[in-house]
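The lines below spell out each chain.
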2 protein chains.
Amino acid sequence: MAKIILALALAAQALVPTRTALKSTNVRANARSEMTMAADGGVVLIGVAADSGCGKSTFMRRLTGIFGGTNVGPLGGGFDNGGWETNTLVSDTTTVICLDDYHLNDRGGRKVTGRTALDLAENNFDLMYEQLKELKAGNAIKKPIYNHVNGTLDTPEEITPTQIVIVEGLHPMADPRVRELLDFSLYLDITDDVKFAWKIQRDMVERGHSLESIQQSIEARKPDFDAFVAPQRGDADVVIQVLPTDLIPDEKEGKVLKVKFIQKEGKANFDPAYLFDEGSTIEWTPCGKKLTCSYPGIKFAYGPDEFLGNDVTVLEMDGKFDNLQELIYVESHLSNTATKFYGELTQQMIKMGDSPGSDNGTGTGAADRGRIATPSFRAGFFQTLASLKIREFYEKLSGVEVEVEAPAKVAA
Amino acid sequence: MAKIILALALAAQALVPTRTALKSTNVRANARSEMTMAADGGVVLIGVAADSGCGKSTFMRRLTGIFGGTNVGPLGGGFDNGGWETNTLVSDTTTVICLDDYHLNDRGGRKVTGRTALDLAENNFDLMYEQLKELKAGNAIKKPIYNHVNGTLDTPEEITPTQIVIVEGLHPMADPRVRELLDFSLYLDITDDVKFAWKIQRDMVERGHSLESIQQSIEARKPDFDAFVAPQRGDADVVIQVLPTDLIPDEKEGKVLKVKFIQKEGKANFDPAYLFDEGSTIEWTPCGKKLTCSYPGIKFAYGPDEFLGNDVTVLEMDGKFDNLQELIYVESHLSNTATKFYGELTQQMIKMGDSPGSDNGTGTGAADRGRIATPSFRAGFFQTLASLKIREFYEKLSGVEVEVEAPAKVAA
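It should be emphasised that the depicted structure is a prediction, and the values quoted were computed from it without experimental measurement. (Residues numbered from 1 in each chain as written. Chains lettered and ligands numbered in written order. Predicted model: local features only at pLDDT ≥ 70, side-chain atom pairs only at ≥ 80, totals over all residues. Heavy atoms only, no water.)

(A) Up close: the state of the cysteines. Residue and element names in this part refer to chain A. Evaluated as defined, the whole model comprises 2 disulfides over all chains. Each disulfide pairs two cysteine sulfurs, and for C287 the partner residue is C293, the sulfurs being separated by 2.1 Å. Judged by the sign of its S-S torsion, about -85°, the bond between C287 and C293 is left-handed. (Disulfide = S-S within 2.5 Å.)

So this is what it looks like as structure tokens:
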């Protein structure tokens, strides 16, 4: 089998993993996948694109958790061992690379060019392509490090490829050569209304910034984002799109959301998740006689659609989970979720701290930035589903089985 | 077990059964039910109410077909043997009584009183109650006969109760004593817009009547209907309600319809049929990737609701079946349909001449009155479902199993 890689686009900030959370996973790779390179698997490269500040690191933790593995942490031991300031997260099966490391210039350099890091011209795609090609071929690389604190480009670090390499950042699908290397790609699409609501909530309500300054900072970023990042949505195999809820008129805080899980049709080794009847169009309000939900409840929709010129299958969730019962109820009514035991999706969400109590389908983790102690914003339904689907994709592509341990009982 | 009876409200006209159609059924009662009275079953009484002219006889044929039995035909041999002009249809398991036979006065008498047959005062509920009570107790009765041709009351006929007695007509649930005798009740509710569309289609388009005369005839009948017949909807265990379609704007011919199958909650021995997830609210458009349908397609809805003060579960179908594949596809996705083998609902519809080609959920048969050669209006999805549910109800109540013969293959 040809060497393969997976790519994730990485949030500039917040790449710091919670070691405890990752170690407490009871998903473990099987014997074969415990090697740095699988004998028969090769490297699978996954790309995850999103705006920075959209909580992609949460997704990355989720994905790493689902792929399992031990010795999870920053490359070189990071914080605990006084290692260098890396953006790379590794376990014995998975490597997560932050594409900010391929910024062409440091912060000072960008002041000279007058371009933002969103601009394609501020990213070294030649080097990105060469190095990801090397990783996919099973070879080690010396990758630059972008220091998010100082805005400097630090001494390169050596990356030895694992079975799964995730590249996360602003532009994993922007360069055609890099895009071609990706085995699977995902785009976290926070729509403008929701970005604005979240930013208002955080910067105005909590930090006292003015509405004007918030609007200004959003508008300053938007043209480059729309020009250089957003177009990648059309290239993604899965887009997780976060929209304002339809269930509450004029919900302005972005606490209740509608999330679309947009799955490209015709992708090899990927069968879209569906609701009840594959290929038909369905609306489902599970809250009723068997399941009671508090206002505004949950509403699902499913069906074929078109997205940026592609035939897609969309699974949509509006509203939020209020308790464990709702979550498991919904999970048990979905098909093609790629779970390995009953309730695995629910279990993964609980492990990641998405404790039901106030939950939604985004799983972007952005809304709780700076409010780690407030699990009420924790999300992750579709992000967890994406992780499970990517695990399934990986297994089909590589022929390597990821072993998981089903718990005796799913506990809250 | 207490003696039990079932009651159907009978169309004044069109009670003439097609013997061939009924005999060709391959549903047969088991050994026990081949007796006139089941040893352990008693008599189950079913009531079916509807406006005359709404094709209840079609439903009656359907129900008789599903309950099976042999020697199906008019009481006494009817037409073939030169028997009397009966309204009663019998098989060895089922008796269908037309409640028009309990009209108080003949047509001439009503000219004197100035009342329509819809008026409660024109029906002899004392006699109806006494005689149905006797039937339910297993005793024979001498029932009057209302001659629909002459409008006269003819010499009474003897009715010996079978296991299942269906009373069909305008007022099966109007008298509290009679209502109390019914084990199961159903109301065929053709809404005014649809009645009007059908009448226009038949009397104006096909028979050349004027729009004014049609409107006049509908309006003349409406006050008594609304006062004496319609209120029974609140007492029915199941209401089949026929409405204009939502799929085609301004559909005026009543060819494409929306039909609601309204099932009362809490009825013993009756578990409402449902779609995908019992107790939730669902909209389903099965036409999509796996099933392609021509315009306007089919759309289903399901969920809890309230109807005339009762808690109900509603299963709704809008649109029409265009081919056998659609019909079997839909059937296979419904639950609690009380079928005894895969495809029985579809098979029953085919047997009744509801050949897919242009079908809807009404099953009232009214639209094809006078156009027997045009199967395009044939319906029956929910009427067939009602028949299956009534068979199931009968089995649970009586402890008698109705045996059916699954075909080797469902053929069109």
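After that view of the structure, there is still more to cover.
(B) Quick look at the confidence of the model for chain A. Residue and element names in this part refer to chain A. Here chain A averages 80 in pLDDT, while 78% of its residues score no lower than 70. Within the model, pLDDT remains below 50 along residues 6–40, and this stretch shows 148 contacts once partners closer than five positions in the same chain are excluded. In the model, residues 357–378 has pLDDT below 50 throughout and makes 83 contacts with residues more than four positions away in sequence or in other chains. Overall fold confidence (pTM) sits at 0.77, and the ipTM for the predicted complex is 0.71. (pLDDT = per-residue confidence, 0-100. Contact = heavy atoms within 4.5 Å.)

(C) Fine view of the interface of chain A and chain B. In this assembly, 20 residues from chain A lie in contact with 20 residues from chain B. In this assembly, chain A packs against chain B so that about 1500 Å² is buried in total across both faces, 47% of it on carbon and sulfur atoms. Contact with chain B buries surface across chain A, with D277, E283 and K289 of chain A losing the most and accounting together for 34% of the total. Taken together, the links from chain A to chain B amount to 4 salt bridges. Among the salt bridges present, the one from K289 of chain A reaches E265 of chain B, with a minimum N-O distance of 2.8 Å. Where chain A touches chain B, the interface holds 17 residue pairs in polar contact (both at pLDDT 80 or more). Sorting the residues of the side of chain A that touches chain B by element identifies strand 12 (281–285), strand 14 (310–319) and helix 8 (324–333) of chain A as the ones contributing at least two each. Counting residues per element, the side of chain A that touches chain B draws most heavily on strand 12 of chain A, at 5 residues. Grouping the constituent residues of the side of chain A that touches chain B by class yields 7 nonpolar, 7 polar and 6 charged. (Buried area = accessible area lost by both parts, 1.4 Å probe. Salt bridge = Lys/Arg side-chain N within 4 Å of Asp/Glu carboxyl O. Polar contact = N/O pair within 3.5 Å; in protein donor to acceptor, adjacent residues only side chain to side chain. Helix = DSSP H or I, 4+ residues; strand = E, 2+ residues; numbered from the N terminus. Nonpolar A, V, L, I, M, F, W, Y, C, P; charged D, E, K, R; others polar.)

(D) Expanded view of the side chain of D203 of chain B. With respect to the helices and strands, the residue D203 of chain B is situated in helix 6 (residues 192–206). Excluding its chain neighbours within four sequence positions, the residues that come into contact with D203 of chain B are G208, H209 and I214 of chain B.

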